Amino acid sequence: MKNRTLRKQIEITHHAMQRLEERVVNHDGFRSWQHMVKTARYEGRSEENMTDAEYEWYMKHITHLYSSSQVRIMNGFAFLFMGNKGHARTLVTVIAVA
């Protein structure tokens, strides 16, 4: 039996969907927006795994997060997740990493 973490469904808020369409534009390379967001949440780079440039951007632009919030960097975008009793499985917005 594989030792794999169960990947629960990710909720995408209306605001986050607007930002995905506006900033990311399309979900090329993924089956759907949902697949892209789920991949970002579970496979995107967390604070500990960001490059120096990504971490510098993160420290400058992402402030005032709740301790249970999660930020994942993937394909040049920061995906901000929060909620779900501290499990951060709701995408609240997406920001281009400049």
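The structure reproduced in this document is the subject of the present report. Worth saying up front: this structure is predicted, and the values here are computed from it rather than measured.

Regarding the sheet that holds strand β3 (residues 77-82)
Alright, step 1. The strand order β1-β4-β3-β2 describes an open sheet built from four strands, whose pairing is mixed. Every interior strand has two partners, whereas the edge strands, β1 (11-12) and β2 (70-74), have only one.
Alright, step 2. The pairing of β3 with strand β4 (residues 90-96) spans six bridges and is antiparallel. Looking at the pairing, Phe77 lines up with Ala96 of β4.
Alright, step 3. On top of the sheet, helix α1 (residues 14-24) reaches β1, β3 and β4; it is set at about 25 degrees to β4, its chief contact.

A short note on the side chain of Arg41
Alright, step 1. On the secondary structure map, Arg41 appears in helix α2 (residues 33-43).
Alright, step 2. Setting aside residues up to four positions removed in sequence, Arg41 forms contacts with Ile10, Gln70, Arg72, Phe81, His87 and Ala88.

Re the packing of aromatic side chains
Two descriptors summarise a pair of aromatic rings, namely the distance from one centre to the other and the angle between the planes of the rings.
Alright, step 1. This model, assessed by the stated rule, comprises one aromatic pair.
Alright, step 2. With centroids separated by 6.0 Å and ring planes inclined at 35 degrees, the aromatic side chains of Tyr55 and Tyr58 adopt a geometry described as tilted. Here the residue Tyr55 and the residue Tyr58 both occupy positions in helix α3 (residues 52-61), the gap between them amounting to three residues, near one helical turn.
Alright, step 3. Using a relative accessible area of 10% as the deciding quantity, one classes Tyr58 as buried.
Alright, step 4. Between the NZ or CZ atom of Arg41 and the centre of the ring of Tyr42, over which it lies, the distance is 5.3 Å.
Alright, step 5. Sitting over the ring of Phe81, Arg41 keeps its end group 6.0 Å from the ring centre.

A look at the pattern of salt bridges
Alright, step 1. All chains considered together, the criterion is met by three salt bridges.
Alright, step 2. With a closest N to O distance of 2.2 Å, Glu54 and Arg45 form a salt bridge.
Alright, step 3. Sharing partners across several salt bridges, the network here consists of Arg19, Glu22 and Arg23.

Side note on the side chain of Thr93
Alright, step 1. Relative to the assigned elements, Thr93 resides in strand β4.
Alright, step 2. Among the residues examined, Thr93 registers a relative accessible area of 13% and is labelled buried.
Alright, step 3. Within polar-contact distance, the side chain of Thr93 engages the side chain of His15 at 3.3 Å.
Alright, step 4. Beyond its immediate stretch of four places on either side in the chain, Thr93 contacts His15, Ala16, Arg19, Arg23, Ala78, Phe79 and Leu80.

Regarding α2
Side chains of residues three or four places apart in an α-helix project in the same direction, reflecting 3.6 residues per turn.
Alright, step 1. Looking at α2, one finds that the buried residues are Trp33, Met36, Val37, Thr39, Ala40 and Arg41.
Alright, step 2. Buried residues along α2 sit in contact with β1, α1, β2, β3 and β4.

Things to note about the nonpolar core
Alright, step 1. Counting residues in each nonpolar core, the largest one holds 17 residues, and the members touching the most others are Leu20, Phe79, Phe81 and Leu91.
Alright, step 2. At the level of elements, α1, α2, β3 and β4 are the ones that each hand at least two residues to this core.
Alright, step 3. Looking at this core, the element that brings in the most residues is α2, giving four residues.
Alright, step 4. What Leu91 contacts, discounting residues up to four positions off in sequence, is Ile10, Glu11, Ile12, Thr13, Ala16, Leu20, Val37, Phe79, Leu80 and Phe81.

What counts and what doesn't
- Residues numbered from 1 in each chain as written.
- Predicted model: local features only at pLDDT ≥ 70, side-chain atom pairs only at ≥ 80, totals over all residues.
- Heavy atoms only, no water.
- Pairing = 2+ DSSP bridges.
- Helix = DSSP H or I, 4+ residues; strand = E, 2+ residues; numbered from the N terminus.
- Contact = heavy atoms within 4.5 Å.
- Axes fitted to C-alpha atoms, helices over the stretch in contact; angles between N-to-C directions.
- Phe/Tyr/Trp six-rings, centres within 6.5 Å; stacked < 30°, edge-to-face > 60°.
- Buried < 20%, exposed > 50% of the residue type's maximum accessible area, 1.4 Å probe, protein only.
- Lys NZ or Arg CZ within 6 Å of the ring centre and 35° of its normal.
- Salt bridge = Lys/Arg side-chain N within 4 Å of Asp/Glu carboxyl O.
- Polar contact = N/O pair within 3.5 Å; in protein donor to acceptor, adjacent residues only side chain to side chain.
- Core = buried A, V, L, I, M, F, W, Y, C linked by side-chain atoms within 4.5 Å.

Shape is all these values report; function is a separate question.
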